There are 4 protein chains.
Amino acid sequence: MDFELRPVTPAGARLVELAQRHAADFATRADQHDREGSFPFENIEAMKQSRMMAACVPEEFGGLGVDSIHDYVLGINRLGRGDGSTAIASNMHIFRSWWTTRAWRAARAAGDEGQTAKLEQLLRQIGAGQVVICALISEAGTDLLHPLTEATRTDGGWLLNGHKIFGTMSPAAQLLDVACRVKDPHGGARRALARVPARGAGVEIKNNWDALGMRGSGSHDVVFKDCLIPEAELADGGRWGEYAEPFLAANTVVTMGLVGAFLGIAEAARDHVVEIAKTRRSRSTGRVLAERHSTQHAIAEIEIDLAAARAMLARTATVADAFFRTHPAGTVPLGELHDLSKDFQCTKFFVNRKAVEIVDRALTASGGAGYMSKSPLSRLYRDVRAGPFMQPFSPNEAFEYIGKVTLGLDPTIDL
Amino acid sequence: MDFELRPVTPAGARLVELAQRHAADFATRADQHDREGSFPFENIEAMKQSRMMAACVPEEFGGLGVDSIHDYVLGINRLGRGDGSTAIASNMHIFRSWWTTRAWRAARAAGDEGQTAKLEQLLRQIGAGQVVICALISEAGTDLLHPLTEATRTDGGWLLNGHKIFGTMSPAAQLLDVACRVKDPHGGARRALARVPARGAGVEIKNNWDALGMRGSGSHDVVFKDCLIPEAELADGGRWGEYAEPFLAANTVVTMGLVGAFLGIAEAARDHVVEIAKTRRSRSTGRVLAERHSTQHAIAEIEIDLAAARAMLARTATVADAFFRTHPAGTVPLGELHDLSKDFQCTKFFVNRKAVEIVDRALTASGGAGYMSKSPLSRLYRDVRAGPFMQPFSPNEAFEYIGKVTLGLDPTIDL
Amino acid sequence: MDFELRPVTPAGARLVELAQRHAADFATRADQHDREGSFPFENIEAMKQSRMMAACVPEEFGGLGVDSIHDYVLGINRLGRGDGSTAIASNMHIFRSWWTTRAWRAARAAGDEGQTAKLEQLLRQIGAGQVVICALISEAGTDLLHPLTEATRTDGGWLLNGHKIFGTMSPAAQLLDVACRVKDPHGGARRALARVPARGAGVEIKNNWDALGMRGSGSHDVVFKDCLIPEAELADGGRWGEYAEPFLAANTVVTMGLVGAFLGIAEAARDHVVEIAKTRRSRSTGRVLAERHSTQHAIAEIEIDLAAARAMLARTATVADAFFRTHPAGTVPLGELHDLSKDFQCTKFFVNRKAVEIVDRALTASGGAGYMSKSPLSRLYRDVRAGPFMQPFSPNEAFEYIGKVTLGLDPTIDL
Amino acid sequence: MDFELRPVTPAGARLVELAQRHAADFATRADQHDREGSFPFENIEAMKQSRMMAACVPEEFGGLGVDSIHDYVLGINRLGRGDGSTAIASNMHIFRSWWTTRAWRAARAAGDEGQTAKLEQLLRQIGAGQVVICALISEAGTDLLHPLTEATRTDGGWLLNGHKIFGTMSPAAQLLDVACRVKDPHGGARRALARVPARGAGVEIKNNWDALGMRGSGSHDVVFKDCLIPEAELADGGRWGEYAEPFLAANTVVTMGLVGAFLGIAEAARDHVVEIAKTRRSRSTGRVLAERHSTQHAIAEIEIDLAAARAMLARTATVADAFFRTHPAGTVPLGELHDLSKDFQCTKFFVNRKAVEIVDRALTASGGAGYMSKSPLSRLYRDVRAGPFMQPFSPNEAFEYIGKVTLGLDPTIDL
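So, here's what we can say about the structure. (Residues numbered from 1 in each chain as written. Chains lettered and ligands numbered in written order. Predicted model: local features only at pLDDT ≥ 70, side-chain atom pairs only at ≥ 80, totals over all residues. Heavy atoms only, no water.)

1. A few points about the relation of the copies chain B and chain C
Part 1 of the argument: For the pair chain B and chain C, the superposition axis carries a translation of 0.0 Å, the fit reaches an RMSD of 0.0 Å, and the rotation angle comes to 180°. The superposition of one copy onto the other is thereby described by a two-fold rotation axis. When each C-alpha of chain B is compared by its distance to the rotation axis, Arg382 of chain B comes out closest, at 4.1 Å.
Part 2 of the argument: Mapped onto chain C, 100% of the interface residues of chain B are again interface residues, and the two copies thus contact each other with one and the same surface. (Least-squares fit on C-alpha atoms with pLDDT ≥ 70 in both. Contact = heavy atoms within 4.5 Å.)

Rendered as structure tokens:
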């Protein structure tokens, strides 16, 4: 019996099967992209061809029709086993179509034909592999609720100025979704999302991603200088600095995909070291590593942590599916959303931390072999460490958020 | 939204609702039984009246008809929130009817009328509240696979001699199921289960249970001296010292119930300390404890661990339900059973350890108040520590077992 | 070679040798006092006879002349191995004479004859075994910096009103040192220490200590109702709610003694379980527990933690000795005292936590035997859990304090 | 007050001061060598000039005369703060002169003039910066007690054949000390140490070191093919596969130096992140990172672990100094040496693990900045992970060894 997580919908089953095939292929080039810090354009291309990139686009618009968060997360999870960089990059895009499909359903149900048509067009483009979206939400020196990139009024639209970081997937993107701040005419400020052509005027993708791990994710800085945004391409996201449905719902789901990717990295490390333990023989005794009590102990620690991480991710994703089906876009009660988000933050902290520990233990159990650059463990060890940094929330903010929600307090983080 | 575990069958829902009502009542006397080390006979009586004690007996025989392991575990879990001692004691009995019902189904399907009738009679007795069963499987100085209590041939049956420990529920039992060793005529030895009237000749219940916690569980020593067992009351359990379906299947399910109880203890501690944090005010500042960052941090640690423990128990119980439905009694493939058992041992180790840590953190977050005898936390801290000792397996054996199964080795523990 | 901590001064060597003899005796009655919740008056009496109670009184005044904090802590540590309750109770008293001797030296150096004579008299009384002192610093609902017990002006002195908790050693005390608040004529408030005869008017020792562990420590509530304090018996301790030398210096040293006691409890648990592992044989295999890999692993975890805990306590105590020798009473630079106190808080958190874990692991390694009330482990498990609650600081406050001092911020705790 | 470890001898004080100056210089090039995987020849050259490379050579032979293990370890510790690769490389060499000086003292005391002269010559060469030694003790697929590199008898000496790994410092070495196996004429096998010119015939340094971290350490494979060793250059080291004084004593001391290096890496990470926390301001609130409670909590965790790691290393080094002074070379009682070695293995496991955790926490506290390649934290995170692999022992072997020694069993590891 195999205790890995399994899809719960037919469309999800197709996605997972597809993702596994991609992962086997991507794994053959993951070390090279890691070494070179190069972006795996060919992986993205292959996923356009296979419609993996349209995983959450309805079938009638050319996608795979995956609706379940649980199954979408498993798709990313399987990619993560092959190449973590590709997994987190494609997650940013695939999530956008899940979110767009959800918005399209709400628009259609509300009889808003203009919005329905607009969203349908985008979904068809994604379905056809013509559009890849990159989300730009992070900036240095502030958190996600308080973007400082500014959209200011100009004739016929807005001028965007600012400097975003962690532009994962930017090398292959046609569209950028940029979190920014807009001055409220009444004196306050609002959070907004601007949609910008990736190669348009006033946009500079810096091609400067160079990090400990996830080196193939293309997470470049992107700088905007007087970049003109048409009126219709800027969507309101609630008051600047305050939680609102779009912020909290989107970040819960997209980050759940990321957690799936990091779990996949841990699973790859576990499988690698179990294989080593079963096959590597001592030259002095002739016994395989697996026969040593210390190896058995180390493998057991990995199994326990992996079982816990899988169970937790599956449970949160299942709860999220039920929650978002009950509450269509635009109707989510914020208090309940904080409860769900708290539950997810428990999962995010736990799974990311356990994923780091699992790879660390796999290194230990490898007996030093995993420390060599030629071992995939040496890449997995660096890639998996990115998980806890993903916002929202990083570890210490997570404790504050979880504690406050549990205790019935205002969950705003004390920055 | 509340993230506690929920039953998945209608009968389970009735059981959980019933268990919650019992737990609220039992909680009012738990401290007193703990202080006195007295057995809660009145709790057992109340559960006979409500048919809680017949939870897993088919409805046609007077029970609640709970078939799902997941839901049976949740019933015990809810009892654990009110009184850990009562929960683990009743688990030993309730499991026996789950196991008997499973055997009865297999006997009926096999057309074995004699066995079917015999099991049906027992189930009807349990359904009517006439019989409580206590399992005696532990002995000092050996493990569960190697019982040293001996059943020797005599005219018309067997003579039983030996000294069992941890006879949880023995004060209220009519029947004792005693693991023992039988000499094989061909020179080997076999494991067997003898069924003995609790108040019969040659049986001495020592009334000597006196431990750190679980003080109301009546886990007395029971000594057998030339106790006569009729031929039909001794069931074979496979070769002595070797894994076999009855051993591994029964222990996986019954111990899962215990894990449910210990999770319930942790949940009670968590609820208690969250209530304290929300209501206790500093006399110097007037602020509630919840407003302190350190309290928020501590509560968050509890929430994370509790979410992980719940998810893991739910997932293993769900997998177990599917597994045992696929494989009726007597047909379970041993290799797959070891896989399931390994998965459960991950859960047992993890949930029991996290339960201990959750109560420990609740103590910390209580700021010293929980250390006083008048606080329920001081009982929960002692009760919850029993969890890791439950066999099979205690922590260090668990690592060896999990490691060996994962690595494809013979999972026999190196004693 | 034995890696236990060793005294560094001749007087300390005598103290440690004496404490070890007492501990061997006290251990024989520790379980009984624990069961009964009775105060070990006979232990206190024996320590008066042996001059253990006068450990830190100069030899010329009848004491053992132990000056080194390191060695005084080791004396308490050795007592802790025999009976934790007696160790923490006597620490409260023994510390007072260390502190008084330090004050006496400073008074003499300053030529303050009145103060010198007064302190000398007290030291002689302690040296003669006539006086035992109990410190009353804790109250419910506030922290040590903010006592709410109030001393108000009256003719010829003060009237004391308030309710103290954790009056460890109160049953055997002649004098109580009571932390209280005094209104400043200029509108503020000051912290003060009132010295009160334990059996005087207006003092009620409630005899109500009933806790999870440390059950023989007599840590009763003490209530003051219009208790008259002569002018000279109330000493100023700085502004209420603010750190000052007397508060921080005294609490660092006295709590170091407590940490020694908890380390001693862990050492007793370790010795007990190593003995069990070496001698208990399996009845089925005949092998001692020590031969099992899982036992070796568990013992190794204990050894590592114990070695770390010992090293840390020794280093902090050595640093503290150098520090307080360099800075006589009344001349301690507060910033450097915070640095030392931060270092000690690291030690307190670490050693107390490791002590809890060591006893927990000893329980696990005992294989269930330690869970029985007749095993000393079941007492040690409860006693050792008191450590983290000792103020200042409990765990979460400790993190805040350590973090703030390290980062150069005002270390006042955000209550 | 600063709680870093301080030298205890005058020669040690000079060494530490010198090492700190070197470290400040090496730190400026550490990232570059890490990027390129290049060996820092210029660092070795600078340490020859300064006599750092002759730290443990007696002053009369041109060295710094450091005799104390504690202080030698601190010298390596300080280097580790600047460049981990250089620190571990130079440790291998510096240890050899500590060991040689110890042998020289024993030879002189024994009146062995030939050996005295031979060792003196080597010490003078090291003192003059003419000789750098590299120890080759590791091989793939076996452990240090069981080298499989073989020295076979030939005319006038031995022929050496085998493949060593982890040849740290090999690029700059003039001499290689190679652990090998020699057939005993009586049928058994012995462990031996062959001294080989690094650039001689039959020696190939593969220049193939390419690992996750410690990329500047030049830890290449070295292959011997029919390499001729003169009779006098092969020293017996006891029976193959059995513990003996040279093996256990040398490995305890040389590995203690390595632990010092890894502690230094953790200290560098800690200092870096404290500086970040004090200076980096939020662009949205203007407050420094240090004011956040989560930062204070994270920094406190680092401080606690660092304090424990420092204390433990200092205590073990102090004990080792006393031990080896009491027992000159060749006279060490093996049982006591195992006790010391057990104590050190506790320290090695603990300090290396805490060092990994400290850097991990520093990464977390850096808020993502540390994950960038331009941050030294991204190098420290990879470098520090090498610590646990250093033999003897890696983590799981360490548990077995510590457990067995503590329990009085034969400490041979069950491979």
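2. Focus: helix 2 (residues 41-50) of chain D
Residues separated by three or four positions in an α-helix point in the same direction, a consequence of the helix having 3.6 residues per turn.
Residues and elements named next belong to chain D.
Part 1 of the argument: Where helix 2 is concerned, the buried positions are Asn43, Ile44, Met47, Lys48 and Ser50.
Part 2 of the argument: Of the surrounding elements, those touching the buried residues of helix 2 are helix 1 (10-36), helix 3 (69-82) and helix 4 (84-109).
Part 3 of the argument: Positive backbone phi, at 75°, marks Arg51, one or two positions downstream of helix 2. (Buried < 20%, exposed > 50% of the residue type's maximum accessible area, 1.4 Å probe, protein only. Helix = DSSP H or I, 4+ residues; strand = E, 2+ residues; numbered from the N terminus.)

3. Overview of the packing of aromatic side chains
Part 1 of the argument: With the rule as written, the count across this model stands at 52 aromatic pairs over all chains.
Part 2 of the argument: Relative to Trp209 of chain B, the ring of Phe166 of chain B lies with its centre 6.1 Å away and its plane at 80°, an arrangement referred to as edge-to-face. Note that Phe166 of chain B is positioned in strand 3 (residues 157-167) and Trp209 of chain B in the loop between strand 6 (203-205) and strand 7 (220-230), a separation of 43 residues in sequence.
Part 3 of the argument: A relative accessible area of 35% means that Phe166 of chain B is categorised as partly exposed.
Part 4 of the argument: Members of the aromatic cluster, connected to one another through ring pairs, are Phe95, Trp98, Trp99, Phe323 and Phe324 of chain A.
Part 5 of the argument: Taking the ring centre of Trp158 of chain B as reference, the NZ or CZ of Arg153 of chain B above it sits at 4.0 Å. (Phe/Tyr/Trp six-rings, centres within 6.5 Å; stacked < 30°, edge-to-face > 60°. Lys NZ or Arg CZ within 6 Å of the ring centre and 35° of its normal.)

4. A look at the interface of chain B and chain C
Part 1 of the argument: On the side of chain C, 48 residues touch chain B, which itself brings 47 residues to the contact.
Part 2 of the argument: The junction of chain B with chain C conceals about 4200 Å² of combined surface from both sides, 53% of it contributed by carbon and sulfur atoms.
Part 3 of the argument: Linking chain B with chain C are twelve salt bridges.
Part 4 of the argument: Residue Asp414 of chain B pairs with Arg287 of chain C through a salt bridge whose shortest N-O separation is 3.7 Å.
Part 5 of the argument: Taken together, the connections running from chain B to chain C amount to 26 residue pairs in polar contact (both at pLDDT 80 or more).
Part 6 of the argument: The set of elements that each furnish at least two residues to the side of chain B that touches chain C consists of helix 7 (293-326), helix 8 (334-365), helix 9 (376-384) and helix 10 (395-406) of chain B. (Buried area = accessible area lost by both parts, 1.4 Å probe. Salt bridge = Lys/Arg side-chain N within 4 Å of Asp/Glu carboxyl O. Polar contact = N/O pair within 3.5 Å; in protein donor to acceptor, adjacent residues only side chain to side chain.)

5. Observations regarding the pattern of salt bridges
Part 1 of the argument: If you walk through the whole model with that rule in mind, you get 160 salt bridges over all chains.
Part 2 of the argument: Two residues, Arg287 of chain B and Glu291 of chain B, come together in a salt bridge whose shortest N-O distance is 3.4 Å.
Part 3 of the argument: The class of Arg287 of chain B is partly exposed, set by a relative accessible area of 27%.
Part 4 of the argument: Given the relative accessible area of 30%, Glu291 of chain B is considered partly exposed.
Part 5 of the argument: For Arg382 of chain D, the salt bridge identified is with Asp34 of chain D, shortest N-O distance 2.6 Å.

6. Description of the interface of chain A and chain B
Part 1 of the argument: Contacts between the two partners involve 45 residues from chain A and, on the opposite side, 45 residues from chain B.
Part 2 of the argument: Between chain A and chain B, the buried area comes to about 3900 Å², and carbon and sulfur atoms account for 74% of it.
Part 3 of the argument: Salt-bridge contacts for Glu303 of chain B lead to Lys342 of chain A; the nearest nitrogen and oxygen are separated by 2.7 Å.
Part 4 of the argument: On the surface where chain A and chain B come into contact, there are six residue pairs in polar contact (both at pLDDT 80 or more).
Part 5 of the argument: Take the side of chain A that touches chain B: its biggest share by element is 17 residues, from helix 7 (residues 293-326) of chain A.
Part 6 of the argument: Taken together, the residues of the side of chain A that touches chain B sort by class into 23 nonpolar, seven polar and 15 charged. (Nonpolar A, V, L, I, M, F, W, Y, C, P; charged D, E, K, R; others polar.)

7. Details of the environment of Arg310 of chain A
Part 1 of the argument: The topology assignment puts Arg310 of chain A in helix 7.
Part 2 of the argument: Through-space distance from the C-alpha of Arg310 of chain A to that of Leu263 of chain A is 7.6 Å; in sequence the pair is 47 residues apart.
Part 3 of the argument: Those residues in contact with Arg310 of chain A, other than ones at most four positions away along the chain, are Phe3, Glu4, Leu5, Arg81, Leu263 and Glu267 of chain A together with Arg315 of chain B.
Part 4 of the argument: Here the side chain of Arg310 of chain A touches Glu267 of chain A through a polar contact of 2.8 Å, side chain to side chain.

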